[in-house]
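# A closer look at the structure
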Amino acid sequence: MTEERFSPLHQRHLGLGASFTDFAGWMMPVRYSSDLAEHHAVRAAAGLFDLSHMGEILVLGPEASDALDYALAGKLSAIAIGQAKYSLLLARDGGIVDDLVVYRTGQDRYLVVANASNREAVASELRDRSSPFDCEVQDESDDIALIAVQGPRALEILREVPGVHVADLEDLKYYWSATGHFGEHALLVARTGYTGEDGFELYLAPEAAPALWDALLETGAGSGLVPAGLASRDTLRLEAGMPLYGHELGLETLPVQAGLGRVVNLKKEGDFVGRGAVEAGPDEGARVLVGLAAAGRRAGRAGYVVFDSESEVGIITSGALSPTLGHPVAMAYVDPASAEAGTELLIDVRGTRVPATVVSLPFYKREAI
Amino acid sequence: MADKTTLQYTAEHEWVLVDGDVATVGITAYAAEKLGDVVFVDLPGAGDTVASGKVVGEIESTKSVGELFAPVDGEIVESNQAVVDAPELVNSDPFGEGWLIKVKFASLPVLLTFAEYSALVGE
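Quick notes on the rules
Residues numbered from 1 in each chain as written. Chains lettered and ligands numbered in written order. Predicted model: local features only at pLDDT ≥ 70, side-chain atom pairs only at ≥ 80, totals over all residues. Helix = DSSP H or I, 4+ residues; strand = E, 2+ residues; numbered from the N terminus. Rg over C-alpha atoms; globule rule 2.2 N^0.38 Å. Buried ≥ 20, exposed ≤ 12 C-beta atoms within 10 Å, placed from the backbone. Contact = placed C-beta atoms within 7 Å. Nonpolar A, V, L, I, M, F, W, Y, C, P; charged D, E, K, R; others polar. Axes fitted to C-alpha atoms, helices over the stretch in contact; angles between N-to-C directions. Parallel < 35°, antiparallel > 145°, perpendicular 65-115°, else oblique. Left-handed = near helix turned anticlockwise from the far one by under 90°. Domains from an automatic or database assignment. Pairing = 2+ DSSP bridges. Core = buried A, V, L, I, M, F, W, Y, C linked by C-beta atoms within 7 Å. Expected span 1.5 Å × (residues − 1). Arc of directions from axis to C-beta.

### Some thoughts on the overall build of chain A
If you tally the helices and strands in chain A, you get eight helices and 21 strands. In terms of overall dimensions, chain A is globule-like: its C-alpha atoms have a radius of gyration of 21 Å, near the 21 Å expected for 369 residues. Along the first, second and third principal axes, the C-alpha atoms of chain A reach 65 × 50 × 45 Å. Classification of the 369 residues of chain A by burial places 48% in the buried group.

Quick look at the structure:
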């Protein structure tokens, strides 16, 4: 176990009375006041998240596009400057090393954002895989802080924050980014997130992060913005049907099993790591990810077993009582025969079998703007 | 709300208020805080026999599940229907309206004092 790591916003979290949890070796806020209040604030107004634990890895050079086309499952050469893309780093056998968001920030420049727990693995794989190409891989994680403002009021808050200058913020489309400034510091603003709401992710130097955090909280206070911890982030992403590495995704999972077949671009020219295994497909009968919805209040949780009327057919990877919907929801890997929407299954909730229905993901989708 | 300093405690983060031969039991503010927002409470029914140290109920938050242990041997005389209907009482008033069960007992085991419990949770 390495030494505990702290966000550049740690003093702010202490000041706000946060409870902390260890997340991939980082002491991060799990909640400030109430998980539920923070969850509802993001759905109704806005929440402010510190995501500085995440990994940021730069890939730059004349062949950066080619290197990423080979290293990742998607066709990163096809995205425009300013565009972002959700992608996967696959192992040779098709298993998922990490899921990533990749921002193209220049013709020869990409920012790869990795899960905190996989930062080293991603940086190391990207270095290995890009070695035949004319490009460099730099792990910038220690020099980049990440603050997310998420919720239907995120835009109106961000555009009023003193010191934040981003041209045409209103026109920034979902999964696009723009460069700007916060005071004298460079700022990358991306319209991305992990909550199922509209919102922005803000990348900047760690030394500038506390001032931006304060300015956001102050500007947003009248609009219902609250600081939100990892507990609410988890229930928000679960409702939005977004997978979490280590729960829905892992080295034992092929993308198609996780419903991420569309993320793998088999039409792109040339080889990429994991291509052969993805083309071969999973073994016959391999389990697939589904949504489960149940009545009542007792939620199935990660590790709980799922049954049909006779035998075990699957296992839950994430589950909670949905704060927005008011009933339990879960994501589970189940046998293909039990995966069709409408299938009635049973969740073993600590010895009691609770009925649940297979539903299509996501559980929650925000209204179109 | 009960006076925390005169309550007795268990290492499983329950508080116990003794009145004659009936113990009122709840979970501490520390435990409620660790659980997060409580969204479901499952309690034993009146008349159920319980044994000290055995699981008698569940307290679920959005994030996790906590177990309620009986702090004494005895019989349930009442469980708090208000908490079953409004589990958030466990967070908002853990030492008061968020009480969970009342147990009639014959003898009381040695429990922790407020000072001992405070030392246990480092507060």
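### Structural notes on the overall build of chain B
A tally of helices and strands in chain B yields four helices and nine strands. Here chain B has a C-alpha radius of gyration of 13 Å; the compact-globule value for 123 residues is 14 Å, and the two agree. Along the first, second and third principal axes, the C-alpha set of chain B runs to 35 × 35 × 25 Å. Counting every position in chain B, which comprises 123 residues, the buried fraction comes to 42%. Within chain B, contacts between residues at least 6 apart in sequence are counted, and of these 63% link residues at least 24 apart.

### Section: the interface of chain B and chain A
Contacts between the two partners involve eight residues from chain B, matched on the other side by 13 residues from chain A. Residue composition of the side of chain B that touches chain A, grouped by class: two nonpolar, two polar and four charged.

### Observations regarding unusual backbone geometry
All names here are of chain A. Along the chain, leucine 361 connects to proline 362 via a cis peptide bond; the corresponding omega equals 0°. One non-glycine residue, alanine 24, adopts positive backbone phi at about 50°. Among the structural elements, alanine 24 can be located in the loop between strand E2 (19-23) and strand E3 (26-31). Of the residues examined, alanine 24 has 16 C-beta atoms within 10 Å and is grouped as partly exposed.

### Details of helix H3 (residues 64-71) of chain A
The periodicity of an α-helix, 3.6 residues per turn, causes residues three or four positions apart to be oriented the same way. Here H3 of chain A lies mainly inside the structure; six of its eight residues are buried. Elements that come into contact with the buried residues of H3 of chain A comprise strand E5 (55-60), strand E6 (84-90), strand E7 (96-106), strand E8 (109-114) and helix H4 (119-130) of chain A.

### Notes on the packing of H3 of chain A against H4 of chain A
Angle between the axes and distance between the axes: these two values describe a pair of packed helices. Residue and element names in this part refer to chain A. Between H3 and H4, the least distance of the axes is 9 Å, while the angle of their chain directions is 115°. What the angle tells us is that H3 and H4 run roughly perpendicular. Considering only the axes of H3 and H4, their crossing is right-handed. Note on element contacts: H4 touches H3 through Glu125, Leu126, Arg129 and Ser130, opposite Ala67, Tyr70 and Ala71.

### Side note on the domain arrangement of chain A
Taken domain by domain, chain A comprises domain 1 (5-52 + 144-239), domain 2 (55-136) and domain 3 (283-369). One C-alpha centre belongs to domain 2 of chain A, the other to domain 3 of chain A; they are set 33 Å apart.

### Considerations on the sheet that holds strand E9 (residues 101-105) of chain B
Residues and elements named next belong to chain B. Read across the sheet, six strands follow the order E1-E2-E3-E9-E8-E5 without closing on themselves; strand pairing throughout is antiparallel. Each edge of the open sheet carries a strand with a single partner, namely strand E1 (8-9) and strand E5 (49-50). In the sheet, strand E2 (residues 14-19) pairs with strand E3 (residues 22-27) via six bridges, with the strands oriented antiparallel. The partner of valine 18 across the bridge, within E3, is alanine 23.

### Re the nonpolar core
Core analysis: the largest hydrophobic core is formed by 130 residues, its most contacted members being Val59, Leu88, Val112, Ile147, Val149 and Leu292 of chain A. Discounting chain neighbours no more than four positions away, the residues touching valine 59 of chain A are Ala64, Ala67, Leu68, Tyr110, Val112, Leu126, Ser130, Cys135 and Val137 of chain A.

### Focus on the environment of threonine 352 of chain A
With respect to the helices, strands and loops of the structure, threonine 352 of chain A is situated in strand E21 (residues 352-359). When the C-alpha positions of threonine 352 of chain A and glutamine 138 of chain A are compared, they lie 50 Å apart, and in sequence the two are 214 residues distant.

### Brief notes about the pairing of strand E4 (residues 46-50) of chain A
Residues and elements named next belong to chain A. Most of E4 sits inside the fold, with five of its five residues counted as buried. Neither face of E4 is open: one carries Ala46, Leu48 and Asp50, the other Gly47 and Phe49, and all of them are buried. In this sheet, strand E15 (residues 225-227) lies alongside E4 in parallel orientation, the contact comprising three bridges. The partner of glycine 47 across the bridge, within E15, is valine 226. Sheet topology note: the E4/strand E10 (residues 145-150) ladder contains four bridges and is antiparallel.

### Describing the sheet that holds E8 of chain A
All names here are of chain A. What the five strands build is an open sheet, ordered E6-E7-E8-E5-E9; its pairing is antiparallel. For this open sheet the edge positions go to E6 and strand E9 (136-139), each flanked by a neighbour on one side alone. Here the strands of the sheet are splayed against their neighbours by 30° on average, with no regard to which way each runs. Sheet analysis places E6 next to E7, joined by seven bridges and oriented antiparallel.

### A few points about the pairing of E6 of chain A
With respect to burial, E6 of chain A is a largely interior element, six of its seven residues being buried. Connecting E6 of chain A to the antiparallel partner E7 of chain A that follows it, the hairpin turn spans five residues, and glycine 94 of chain A within it adopts a positive phi of roughly 90°.

### Side note on helix H6 (residues 209-220) of chain A
Residue and element names in this part refer to chain A. Taking 1.5 Å of rise per residue, twelve residues should cover 16 Å, and H6 covers 16 Å from first to last C-alpha, within 8% of that figure. For H6, the full list of buried residues reads Ala209, Leu212, Trp213, Leu216 and Gly220. End-on view of H6: buried residues confined to an arc of 105°, all on one side of the axis.

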